[in-house]
Amino acid sequence: MAKIEEKKELQNRISVFCETNGISRADFAVKADVSPATLSALDNGQWDKISLSMVKKLTAFIKSTEAGNVFNTSDFQTVQDLCDTAKKYHLMIGLIGDTGTGKSTALTYYGNRKNVYRVTFEKSMNPKQFYTTLLRELGVDFEGNINALINRAAAELNAKESPLIIIDEAGKITHSVLLYLHDLREKTKAGCGIVLAGMPYFKTNLQKFASKGKEGFSEFLRRINIWHTLNGLNAAEVKYIAEKNGISDKERVKELCRIKRFGDLANEILLDKIMSNAI
Ligand SMILES: Nc1ncnc2c1ncn2[C@@H]1O[C@H](COP(=O)(O)OP(=O)(O)O)[C@@H](O)[C@H]1O
Ligand SMILES: [Mg+2]
């Protein structure tokens, strides 16, 4: 059983989180994937209604996004800036980065902002499932055929102020979803931005299919206003992160400085900790 102090502390952190990101309690419930009833129980001090597993879930959600747990590297900042630009000017932006470069981390962070809706694409998603997931992110439980789903998503987005859709793992988007995404873009482009993030093959595949004249690809490609490829970590960033993780040996730091991807660095840091029996 979690202590009442722990629950009060959580209540406080949720308030700070909502304030920092400019979102309502209802928005928070959707982003953290908990029921509004849970949040109101927390707000009203009905502590017995909040289970230990709920405390753990909410704490983990907030912790993952609090400053101090993410490093503000140049790539991380670039992703925040690109999302800002897409949101403000209603652009469609393609973000490219190798696996482990920190795309999802940076996008998740931005995804906590007001009127930002993030969907991670899964290869098995068909167009209907994609739009149902997007609508759920928008806080709407809605069923219908694909046309009704798209129209409802467009209506929801067009009713918001400067919304942004973030689609992570965009390289996995299937041909049919791409065609329907095109429809959504057309219906919302006056006011809604889209950021599509994926591995390098996301862009090269779009180009390849466009050059082969496959339906919809050149039209879609043409509508991407900006492409940006992440650079990976630089030596100063690796050094800073290594030192923050207690690695001070000069030779070891020098060796780590060759690493470009966050994922690889995190793994090396973990191995160092195991070797030194720190964990
Ligand atoms: N800015 C960051 N600060 C701290 N850790 C990060 C940061 N970016 C990425 N990581 C860590 O690196 C790993 C890979 O990041 P991820 O965002 O999943 O990359 P990608 O989506 O590009 O494959 C994750 O374990 C993540 O926790
Ligand atoms: Mg990712």
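All values derive from a computational prediction rather than experimental measurement. (Residues numbered from 1 in each chain as written. Chains lettered and ligands numbered in written order. Predicted model: local features only at pLDDT ≥ 70, side-chain atom pairs only at ≥ 80, totals over all residues. Heavy atoms only, no water.)

*Asks:* Quick one: what's the story with the environment of Lys160, residue by residue and with numbers?
*Replies:* Mapped onto the elements of the fold, Lys160 is located in the loop between helix H8 (146-158) and strand S3 (164-168). Since its relative accessible area comes to 29%, Lys160 is described here as partly exposed. For the pair formed by Lys160 and Leu42, sequence separation is 118 residues and the distance between their alpha carbons is 28 Å. Non-local contacts of Lys160, meaning those with residues more than four positions away in its chain, are made with Asn115, Tyr117 and Leu138. (Helix = DSSP H or I, 4+ residues; strand = E, 2+ residues; numbered from the N terminus. Buried < 20%, exposed > 50% of the residue type's maximum accessible area, 1.4 Å probe, protein only. Contact = heavy atoms within 4.5 Å.)

*Asks:* Give a detailed account of the sheet that holds strand S2 (residues 116-120), specifying residues and quantitative values.
*Replies:* The 5 strands are arranged S2-S3-S4-S1-S5 in an open sheet whose pairing can be described as parallel. Only two strands of the sheet have a single partner each, and these edge strands are S2 and strand S5 (226-229). Between one strand axis and the next, the sheet turns by 15 degrees as a mean value, whatever way the strands run. Bridging between strand S1 (residues 92-96) and strand S4 (residues 193-198) involves 5 bridges; their strand directions are parallel. (Pairing = 2+ DSSP bridges. Axes fitted to C-alpha atoms, helices over the stretch in contact; angles between N-to-C directions.)

*Asks:* Report on unusual backbone geometry, specifying residues and quantitative values.
*Replies:* Not every positive phi belongs to a glycine, and Asp33 is a case in point at roughly 60 degrees. Residue placement: Asp33 occurs in the loop between helix H2 (25-32) and helix H3 (36-43). Its relative accessible area of 59% is what places Asp33 among the exposed residues. One non-glycine residue, His90, lies in positive phi territory at about 55 degrees. Checked against the element boundaries, His90 lands in the loop between helix H5 (74-89) and S1.

*Asks:* An account of the domain arrangement of the protein is needed here, citing residue identities and associated values.
*Replies:* The assigned domain composition of the protein is domain 1 (4-63), domain 2 (74-229) and domain 3 (235-275). One C-alpha centre belongs to domain 1, the other to domain 2; they are set 28 Å apart. Contact residues are listed per partner, giving 7 residues for domain 1 and 8 residues for domain 2. Here domain 1 meets domain 2 over a buried area of about 580 Å², counting both sides, of which 46% is carbon and sulfur. The three residues of domain 1 that bury the most area against domain 2 are Asn21, Val30 and Lys31, which together make up 69% of that side's buried surface. The interface formed by domain 1 and domain 2 holds 0 salt bridges in total. Seen at the junction of domain 1 and domain 2, the total is 4 residue pairs in polar contact (both at pLDDT 80 or more). Of the residues in the side of domain 1 that touches domain 2, the class split is 4 nonpolar, 2 polar and 1 charged. (Domains from an automatic or database assignment. Buried area = accessible area lost by both parts, 1.4 Å probe. Salt bridge = Lys/Arg side-chain N within 4 Å of Asp/Glu carboxyl O. Polar contact = N/O pair within 3.5 Å; in protein donor to acceptor, adjacent residues only side chain to side chain. Nonpolar A, V, L, I, M, F, W, Y, C, P; charged D, E, K, R; others polar.)

*Asks:* For the site of ligand 1, give the residues involved together with the corresponding values.
*Replies:* Ligand 1 sits among 14 residues. The nearest are Phe71, Gly100, Lys103, Ser104 and Thr105. Taking Phe71, its main chain carries an N or O atom lying 2.8 Å from a nitrogen atom of ligand 1. Contacts to ligand 1 include Gly102, whose backbone N or O atom sits 3.0 Å from an oxygen atom. No other element matches the 3 residues that helix H6 (residues 103-110) contributes to the shell around ligand 1. Looking at the shell around ligand 1 residue by residue, the class counts come to 4 nonpolar, 8 polar and 2 charged. (Near = heavy atom within 4 Å.)

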